[in-house]
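The residues making up each chain are set out below.
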Amino acid sequence: MAKSLFIKTYGCQMNVYDSNRMTDILAPLGYEASSTPDGADMVILNTCHIREKAAEKVFSELGRLRFLKEAKQEAGENMILAVAGCVAQAEGDEIVRRAPYVDMVFGPQTYHRLPEMVARASRQAGVVLDTDFPVESKFDHMPNTASVENSTAFLTIQEGCDKFCTFCVVPYTRGTEFSRPVAEVLDEARRLRDAGAREITLLGQNVNAYHGAVAGGSERGPERGPERGLGDLIRDLAEIDGIERLRYTTSYPAEVDDALIEAHRDVPELMPFLHLPVQSGSDRVLSAMNRRHDSGQYRDLVERLRAARPDIGLSSDFIVGFPGETEKDFEQSMDLIRDIGFLQAFSFKYSPRPGTPAASMPNQVEEADKSRRLAALQALLVEQQVQFNKSCIGNDMPVLLEKFGRHDGQLVGRSPYMQAVHVQAPADLLGSIVSLRIDGSGENSLSATAIDTKPSDTTSGAARMMA
Ligand code: SAH
Ligand code: F3S
């Protein structure tokens, strides 16, 4: 009999991807995804450590789930309660101590052992704690299932980060950098294509640190064989028939190499949109963040990317109120935004993460200053975003129509720049890339002139964009 599984996902796209994998792994054990924890046979909180008070949110959610678990027990049944992801990795012992009714706590490196853990949890009372970093790749044990939503899919090619930005927990929670072998990535891309994906986003905490082994080489062994970087991998992926759009995220500026820039120049399938976090425009702050790039190098990199691909659009991450940030430092971030121009960006108030170097730096910035700076920075970013969206009006853009819109007869797709595009169009165009005339814009989306038949110029998005 089918058992129901509810997974609550916090945080990044990597976690969304991992939750899908967990669903896939648990399917052979009879678990079917459910949209509610009520009555579920298993509930997994797939947690994220990036945000402020992440752990506290998990504990209060667990407090609520405890009642559901007890109700289930009163009915003579069981609910397996699990905490996965980065909070599990970082605070596993604390979870076991504070929430002893949790059955399983496991970190991102151990998902392939889920079936074994579930078996143990249903056999025995007591918590299964599995947060160490195994030597073997977790991917070796993953079943070969592909999950595709709306013609797009994520594909994790790299995990971990060893850059140790002083504000960031990722190097502690996700461990050192690891790249999947090239052949494995290409195989999974073909499976995703077969399952209907036309656009693939390559994922990694530090995705451009990718250096996957070419057949025969072993990434971990002392006998490191030949490897391919991200630029080369993108060329390989673009060769696969049916994959029409490629993206990658998240990149680390100091590791963008010539091969990657050349891929932007040469590979039409690679979308002209890049999320390239800079964090700050102040060299003093960047150095305190241990970013390994200064603002000049970042500007330079943007120039080289634009020379290679003149229509490339940029997105970024910013932190305001990093310890020691002065008004002058902050103004340098504003200057950098004005000079470069971003299509969109994420911005955060600095939030101390326990155990990271920045958390114990002197000169923590007052909350009120952080709030004021964040508001000013976001206002500027929104202004640029609105301006860019407006500039698209009158243009034809290749749009991958992904899903039904809220209104009758409406479809929603994505432009090369990740803008949502709304259009009245026949449903049989779902999943295709169509050239649309943009006729309206807002802060977060575009609208296009209605189409009623399949246009003859339905074609590869990238090819159209280049034309
Ligand atoms: N390369 C990683 C980045 C993770 S964090 C990945 O994509 O997986 C994403 C963004 O959150 C960072 O670029 C940074 O701008 C912000 N961030 C991380 N730690 C932070 C902190 N302690 N306070 C505020 N913002 C933070
Ligand atoms: Fe974090 Fe810096 Fe790596 S932001 S993920 S330590 S590049």
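Within every chain, residues take consecutive numbers counted from 1 along the sequence as written. Note on labels: chains are lettered from A, ligands numbered from 1, in written order. With the structure being a predicted model, the display of local features is reserved for residues of pLDDT at least 70 and the display and counting of side-chain atom pairs for 80 or more, all residues being used for whole-chain, interface and lining totals. With hydrogens and water excluded, all non-hydrogen atoms of the structure serve as input to the side-chain values.

**Q** If you had to explain the overall build of the protein to someone new, which residues and values would you point to?
**A** Helix and strand labels come from DSSP, where a helix needs a run of H or I of at least four residues and a strand needs a run of E of at least two; each type is numbered from the N terminus. A tally of helices and strands in the protein yields 13 helices and 21 strands. In the protein, which comprises 467 residues, the share counted as buried stands at 53%. By definition, residues are in contact when any of their heavy atoms lie within 4.5 Å. Counted over contacts in the protein with a minimum sequence separation of 6, partners at least 24 positions apart contribute 72%. When the accessible surface of the protein is split by element, carbon and sulfur atoms take 50% of a total near 19,800 Å². When accessible area is computed with a 1.4 Å probe and restricted to protein chains, residues below 20% of their type maximum are described as buried, those above 50% as exposed, and intermediate ones as partly exposed. Calculation of accessible area relied on Shrake-Rupley with a 1.4 Å probe; when residues are assessed, cover is drawn exclusively from the protein chains displayed.

**Q** If you had to explain the site of ligand 1 to someone new, which residues and values would you point to?
**A** In the region of ligand 1, the neighbouring residues are Ile50, Phe167, Gln205, Thr250, Gln279, Asp317, Ile319, Phe348, Lys349, Tyr350, Ser351 and Arg353. Pairs of N or O atoms within 3.5 Å make up the polar contacts considered here, provided that, within protein, one atom can donate a hydrogen while the other can accept it, and that residues adjacent in sequence are counted only when both atoms are side-chain atoms. Residue Gln205 places a main-chain N or O atom 2.5 Å away from a nitrogen atom belonging to ligand 1. The protein chains hide 85% of the 550 Å² of surface that ligand 1 would expose on its own. Those elements that provide at least two residues to the shell around ligand 1 are β15 (313–320) and β16 (344–349). Throughout, near means a residue has at least one heavy atom within 4 Å of the molecule or strand.

**Q** Talk me through the pattern of salt bridges; I want residue IDs and the actual numbers.
**A** The term salt bridge refers to a side-chain nitrogen of Lys or Arg lying within 4 Å of a carboxyl oxygen of Asp or Glu. Taken as a whole and judged by the stated rule, the model has 34 salt bridges. For Arg284, the salt bridge goes to Asp329, with nearest N and O atoms at 2.6 Å. Remark: Asp329 occurs in helix α11 (residues 327–340) and Arg284 occurs in helix α9 (residues 283–288); sequence separation between them is 45 residues. Judged by relative accessible area, Arg284 falls into the exposed class, the value being 52%. Judged by relative accessible area, Asp329 falls into the buried class, the value being 4%. Note that Asp396 and Arg437 form a salt bridge whose closest N and O atoms lie 2.6 Å from each other. In this pair, Asp396 sits in strand β17 (residues 396–404) while Arg437 sits in strand β20 (residues 433–441), placing the two residues 41 residues apart along the sequence. Several salt bridges share partner residues, and in doing so they unite Glu325, Glu327, Asp369, Arg372 and Arg373 into one network.

**Q** Explain the sheet that holds strand β10 (residues 199–203) to me, using residue names and the numbers behind them.
**A** Read across the open sheet, the 3 strands follow the order β7-β10-β13; overall the sheet is parallel. Two strands lie at the open edges of the sheet, namely β7 (152–156) and β13 (245–249), each paired on one side alone. The sheet shows a mean angle of 25 degrees between the axes of neighbouring strands, direction not considered. What makes two strands pair is DSSP finding at least two bridges between them. Between N-to-C directions, angles span 0 to 180 degrees; the directions come from axes that are lines fitted to C-alpha atoms, helices contributing only their stretch in contact.

**Q** Go over the confidence of the model for the protein, please, and point to the residues and values.
**A** In the predicted model, the protein carries a mean pLDDT of 88, and 89% of its residues have values of at least 70. Per residue, pLDDT measures the predictor's confidence, with a range of 0 to 100. Confidence drops under a pLDDT of 50 for residues 217–222, and excluding neighbours within four residues, the segment shows 14 contacts in the predicted structure. Segment residues 456–467: pLDDT under 50, and 26 contacts once partners within four positions in sequence are set aside and those in other chains are kept.

**Q** Requested: an account of the packing of helix α6 (residues 182–194) against helix α7 (residues 230–238), with residues and values cited.
**A** Packing of α6 against α7 brings their axes to within 10 Å, and their N-to-C directions diverge by 35 degrees. Crossing geometry of α6 relative to α7 is assigned as right-handed. Between α6, through Val182, Val185, Leu186 and Ala189, and α7, the contact on the second element is made entirely by Leu233, Asp236 and Leu237. Taken together, the residues of the contact of α6 with α7 break down into 6 nonpolar, no polar and 1 charged. Handedness of each helix crossing follows the sense of rotation of the near helix against the far helix: counterclockwise by less than a right angle gives left-handed, clockwise gives right-handed. Residues were grouped as follows: Ala, Val, Leu, Ile, Met, Phe, Trp, Tyr, Cys and Pro as nonpolar; Asp, Glu, Lys and Arg as charged; and all remaining residues, including Gly, as polar.

**Q** Can you explain the site of ligand 2? Please cite residues and give values.
**A** All residues adjacent to ligand 2 are Cys161, Lys163, Phe164, Cys165, Phe167, Cys168, Val170, Pro171, Tyr252 and Arg291. When its residues are assigned to classes, the shell around ligand 2 shows 8 nonpolar, no polar and 2 charged.

**Q** Just give me the short version of α6, but keep the residues and values in it.
**A** The end-to-end C-alpha separation of α6 is 18 Å, in line with the 18 Å expected for 13 residues at 1.5 Å each. Where the residues of α6 are buried, they touch α1 (13–26), β7, β10, β11 (211–213), β12 (227–229) and α7. Taken from the residues just after α6, Gly196 is the one with a positive phi, measuring 110 degrees. Expected helix span is given by 1.5 Å per residue-to-residue step, counting one fewer step than there are residues.

**Q** Summarise helix α12 (residues 367–391); cite the residues concerned and give the values.
**A** Its 25 residues give α12 an end-to-end C-alpha distance of 36 Å, which sits within 8% of 36 Å, the value for a rise of 1.5 Å per residue. Those residues of α12 that sit buried are Lys370, Arg373, Leu374, Leu377, Leu380, Leu381, Gln384, Gln385, Phe388 and Asn389. Close packing links the buried residues of α12 with β15, α11, β16, β20 and β21 (445–448).

**Q** Quick rundown of unusual backbone geometry? Include the residues and the values.
**A** Cis rather than trans, the peptide bond between Thr249 and Thr250 has omega equal to 5 degrees. Here Thr250 lies in the loop between β13 and α8 (258–266). Unusually for a residue other than glycine, Phe164 sits at a positive phi of about 50 degrees. Structurally, Phe164 is set in the loop between β8 (158–159) and α5 (170–173). Phe164 gets classed as partly exposed once you look at its relative accessible area, which sits at 34%.

**Q** Can you lay out the environment of Gly229 for me, pointing to particular residues and giving the numbers?
**A** The topology assignment puts Gly229 in strand β12. C-alpha of Gly229 to C-alpha of Tyr210: the two residues are 19 residues apart in sequence and 5.5 Å apart in space. Not counting the four nearest positions on each side in its chain, Gly229 is found in contact with Tyr210 and His211.

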